[in-house]
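Structural features, examined
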Amino acid sequence: MSEEPRGRSAYVLEKSYSGQTEWSLFFVYARREHIRALLQGMYVDHPDPEERQGWIDVHFDGESADLWLIENGRLTGHVDLRRFIRDADEEGGTRREVVLDRAGFEEAVPAVLEGAPLRHGQELHLVDAAGDFRDTYAQLPYLYPERPVRYGMQLAGDDGLSDEPYAYFTDPDPAP
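Residues numbered from 1 in each chain as written. Predicted model: local features only at pLDDT ≥ 70, side-chain atom pairs only at ≥ 80, totals over all residues. Heavy atoms only, no water.

1. A word on the pattern of salt bridges
On inspection of all chains with the given rule, the structure shows six salt bridges. One salt bridge in this structure joins R102 and E33, with 3.4 Å as the shortest N-O distance. With R102 in helix α3 (residues 102–108) and E33 in helix α1 (residues 32–43), this pair connects stretches of sequence that are 69 residues apart. Under the relative-accessibility criterion, E33 is labelled partly exposed at 30%. Residue R82 pairs with D80 through a salt bridge whose shortest N-O separation is 2.6 Å. The partly exposed category is assigned to R82, whose relative accessible area is 34%. Using a relative accessible area of 21% as the deciding quantity, one classes D80 as partly exposed. Each of E33, R36, R102 and E106 takes part in salt bridges that share partners, so that together they form one network. (Salt bridge = Lys/Arg side-chain N within 4 Å of Asp/Glu carboxyl O. Helix = DSSP H or I, 4+ residues; strand = E, 2+ residues; numbered from the N terminus. Buried < 20%, exposed > 50% of the residue type's maximum accessible area, 1.4 Å probe, protein only.)

See the structure below:
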């Protein structure tokens, strides 16, 4: 009798865009704070105003920002992060600035995931990607089992997975 393989646990931020080209960014980290720091860096603090404006424009034009909660290799939850990213104009701020609802984010996203956390250099094993994601619109399960995501940042496109996001975003948990 063999036991079902157990995977590790991770927060997976999936940002997908469907337009002239289709692509998905995957940010796979072990701590909630890593995901919050990514959102802060993308939408609020990005040093290049044109890059920041591009992310704002794409986000407000319908790009997804889904956080998949993976515990022991199984999907245990989902949070649509778009509700925590708002145009500051809605709150009396300067037009095209963005505000992150940190309190709402922390209330909706568990501080700790059950199980052994995924670490640098490790691939995220999903025990049943097709089954767990059956009723979702995620792109993540389409990579499995042939092209699993790993800890850190990856771009998924027609040519497979690449580390391209590292050129544009600050890694919230750089390798030691």
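2. Side note on the environment of S64
Among the secondary structure elements, S64 is positioned in the loop between α2 (49–60) and β3 (66–71). S64 gets classed as buried once you look at its relative accessible area, which sits at 12%. Each C-alpha atom of the pair S64 and R82 lies 7.3 Å from the other, and the pair is 18 residues apart in sequence. Each residue touching S64, except ones within four places of it in the same chain, is listed here: E14, K15, S16 and R82. (Contact = heavy atoms within 4.5 Å.)

3. Regarding the confidence of the model for the protein chain
With 79% of its residues at a pLDDT of at least 70, the protein chain reaches an overall mean of 84. Of all helices and strands in the protein chain, the one with the weakest mean pLDDT is α2 (57), whereas β3 scores best (97). (pLDDT = per-residue confidence, 0-100.)

4. Description of the nonpolar core
In globular proteins that are soluble, nonpolar side chains generally tend to be buried together. Counting 45 residues, the largest nonpolar core has F27, I35, L67, L81, L124 and L140 as its most contacted members. Elements represented by at least two residues in this core include exactly β1 (10–18), β2 (22–29), α1, β3, β4 (74–80), β6 (98–100) and β7 (152–157). In contact with I35, other than residues within four places in its own chain, are Y11, L13, F27, Y29, L67, L81 and F105. (Core = buried A, V, L, I, M, F, W, Y, C linked by side-chain atoms within 4.5 Å.)

5. Things to note about the packing of aromatic side chains
All told, the structure shown has five aromatic pairs when counted by the stated rule. For the ring pair F27 and F169, a centre distance of 5.5 Å and an interplane angle of 80 degrees mean the geometry is edge-to-face. Linking F27 in strand β2 with F169 in the segment after β8 (160–162), this pair joins segments that are 142 residues apart in sequence. Exposure remark for F27: the relative accessible area of 0% places this residue in the buried category. Residue F169 is classed as buried on the basis of its relative accessible area of 8%. A centroid spacing of 6.3 Å and a plane angle of 90 degrees characterise the contact between F84 and F105, whose relative ring orientation is edge-to-face. You can see F84 sitting in the loop between β4 and β5 (85–87) and its partner F105 sitting in helix α3, a full 21 residues away along the chain. Here the aromatic cluster, defined as three or more aromatic residues joined through ring pairs, consists of W68, F133 and Y137. (Phe/Tyr/Trp six-rings, centres within 6.5 Å; stacked < 30°, edge-to-face > 60°.)

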